[in-house]
Amino acid sequence: MKKLYVNKHAITKIQTILIITVIVIAAIAGGLIYYFMTQPTQQVAQKTSIKIGFSISLSGVGAAAGTEQYRAYEIWRKWINEQGGIYVEEYKRKLSVEFIYYDDASEPARAASLYEKLIVEDKVDLLLAPWGTFIHLAIVPVIEKYKIPVVGNTAGVDIEKINELNTKYMFFTWPEPKTSAFSLTLFLEELNVKSVAILYAQTDFTVLNAKWNKQYIEEKGFADVVIYEGYPLEVTDVSGILLKVKDKNPEAVVVHSYPADAILVTSQMKELKINPKVFILGVGGQLLAYKQRFDDQTKEGVIAINNWHPDFYPESKELYNKYILEYGYNPPSHTLGLGWLSCLVLQQAIEKAGTLNPEKIREKLATETFNTPFGEVKFENQVNIKSLVVFDQWQEGDLKPVFVTKGSYPNVEKATEYKLAQLIFPKPEW
């Protein structure tokens, strides 16, 4: 048999090649690991702005209020960017705020589609709210699907509706309708009126406010509700309903309104010479469009529901004055106050979370208390329990606060700590 001979030098050469190959593979692997480990840091270093998206009613039935809300957003964006932006711990720096927005034409379905576009196509980091309760409700399925929180503003729904929606991502800064309706009832009771007509636009927010307003008046028993009637949101003539009101001649007329119908009802009340002692409007009665539509004599004594006044919060005047400088004088409407409040709460939630992660921001919104120039905010069951309800009266061309409540239903009480104007009562005749 032939003996097998092993070339020791060949084995040594093969071992050397294998060792070198292992070292090279290890080096490549190490480089790849280092690359992927450092990529997030490099991405963090490249992040310079926060993209915030929203749709807003710049046309359609909500245009008057939606335009004010958009402008409030813009003033906040410019104000925060002048300070260098929002500090985000994750990025170790302040990031400027960039807006991506669309006109939803006051159409709920269009708004829902636009919010999905903002998230999927525009890839925004976070969202701001649209205008109006019915549009807020329309986008709830979208934000729940993608799990991005929205701090709502010009919207109010009852806890029962929130439970029905099963939402954890929509937060409401305006109190639930039970609270605002009970506040209105306390005001009417203090005025000692004995008969009330309640009119309302047929939408989610206004229907609920009217319903609870009627119920609370009847429970307290201080007045009779002599008219209780709704009308379509896009109504162009309410004279038929108003003639019924004139026939009943109530001491108070309360209109749970939106912007366009607030103007319409006022115009036709004046034409028909309906002169109640108290005339109260909901949304719309405190907007710039309302101020511009009527002269001071016509507006004198008209009351509108609100949620703030710059005289209550001196720090709020910084944003309010910047708004006036940019866009001209605007009454201190709920649209401005709630618009700024929602921006400031979102800003603070980002700062508290230290990240742009939507879920971590949602957790902060659900658990933290936020101190803002527009008052304190604390969400329970998705609703701010710290909101004021303010009744402003038009006096010599300006809105003056005349009655304020604090607390959340059923713990609503008159707030006596605020300086108020003397109420004009009864309202002057047209």
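Caption draft 1: Here's a closer look at the overall build of the protein chain. Each helix and strand counted, the protein chain has 14 helices and 17 strands in total. Put simply, 69% of the contacts in the protein chain that link residues at least 6 apart link residues at least 24 apart. Approximately 19000 Å² of the protein chain is accessible, and the part contributed by carbon and sulfur atoms is 53%.

Caption draft 2: Structural detail: the packing of aromatic side chains. According to the stated counting rule, one finds 30 aromatic pairs in the structure shown. Relative to tyrosine 258, the ring of phenylalanine 134 lies with its centre 6.0 Å away and its plane at 70°, an arrangement referred to as edge-to-face. You can see phenylalanine 134 sitting in helix H4 (residues 133-146) and its partner tyrosine 258 sitting in the loop between strand E9 (252-256) and helix H9 (259-271), a full 124 residues away along the chain. In terms of burial, phenylalanine 134 and tyrosine 258 fall into one category: buried. Pairing tyrosine 323 with tyrosine 327 gives two aromatic rings, centres 5.1 Å apart and planes at 50°, and the pair type is tilted. With tyrosine 323 and tyrosine 327 both in helix H12 (residues 317-327) and 4 residues apart, the pair spans about one turn of that helix. Residue classification places tyrosine 323 among the buried residues on the basis of a relative accessible area of 0%. An aromatic cluster of three or more residues is present, and its members are Phe54, Tyr70, Tyr73, Trp76, Phe99 and Tyr101.

Caption draft 3: Quick look at the side chain of threonine 185. Tracing the chain through its elements places threonine 185 in helix H6 (residues 177-191). The class for threonine 185 is buried, based on a relative accessible area of 0%.

Caption draft 4: Region of interest: empty space enclosed by the protein. One pass over the structure, following the stated rule, counts 2 cavities of 30 Å³ or more. Together, 17 residues line the largest cavity, and Asn209, His256, Gly282, Val283 and Ile305 are the ones closest to its centre. Sorting the residues of the lining of the largest cavity by element identifies H6, helix H7 (204-220), E9 and strand E10 (278-281) as the ones contributing at least two each. In terms of residue class, the lining of the largest cavity is made up of 11 nonpolar, 6 polar and no charged.

Caption draft 5: Fine view of the pairing of strand E16 (residues 398-406). When strand E15 (residues 389-395) meets E16, the two strands line up antiparallel, connected through 7 bridges. Across the sheet, the residue bridging to phenylalanine 391 is phenylalanine 403, located in E16. Where E15 folds back onto E16 in an antiparallel hairpin, the turn is made up of 2 residues, including glutamate 396, whose phi is positive at roughly 50°. As paired elements, E16 and strand E17 (residues 413-414) share 2 bridges and run antiparallel to each other. Bridge assignment links lysine 406 to a residue of E17, and that residue is glutamate 413. Following E16, the chain reverses through 6 residues before pairing antiparallel with E17; glycine 407 in that reversal takes a positive phi of roughly 95°.

Caption draft 6: H7, seen in detail. Between the first and last C-alpha of H7 there are 25 Å, a value that for 17 residues agrees with the 24 Å anticipated at 1.5 Å per step. Residues of H7 that are buried include every one of Phe205, Thr206, Leu208, Asn209, Ala210, Trp212, Asn213, Tyr216 and Ile217, and no others. Positive backbone phi, at 75°, marks glycine 221, one or two positions downstream of H7.

Caption draft 7: A look at the sheet that holds strand E3 (residues 93-103). Strand order in the open sheet formed by 4 strands is E2-E3-E1-E4, and the pairing between neighbours is mixed. If you trace the sheet from one side to the other, it starts and ends with strand E2 (86-88) and strand E4 (126-127), each paired once. As paired elements, strand E1 (residues 49-56) and E3 share 8 bridges and run parallel to each other. Residue pairing across strands places serine 49 opposite serine 96, the latter belonging to E3. Running over the sheet, helix H3 (residues 108-120) touches E1, E3 and E4 and is turned about 165° from E1.

Reading the values: the criteria
- Residues numbered from 1 in each chain as written.
- Predicted model: local features only at pLDDT ≥ 70, side-chain atom pairs only at ≥ 80, totals over all residues.
- Heavy atoms only, no water.
- Helix = DSSP H or I, 4+ residues; strand = E, 2+ residues; numbered from the N terminus.
- Contact = heavy atoms within 4.5 Å.
- Areas by Shrake-Rupley, 256 points an atom, 1.4 Å probe, with all protein chains shown as cover.
- Phe/Tyr/Trp six-rings, centres within 6.5 Å; stacked < 30°, edge-to-face > 60°.
- Buried < 20%, exposed > 50% of the residue type's maximum accessible area, 1.4 Å probe, protein only.
- 1 Å grid on protein atoms, 1.4 Å probe; cavity = no way out; pocket = protein on both sides within 12 Å on 5 of 7 lines; lining within 4 Å.
- Points joined across faces, edges and corners; volume = space filled by probe spheres on them.
- Nonpolar A, V, L, I, M, F, W, Y, C, P; charged D, E, K, R; others polar.
- Pairing = 2+ DSSP bridges.
- Expected span 1.5 Å × (residues − 1).
- Axes fitted to C-alpha atoms, helices over the stretch in contact; angles between N-to-C directions.

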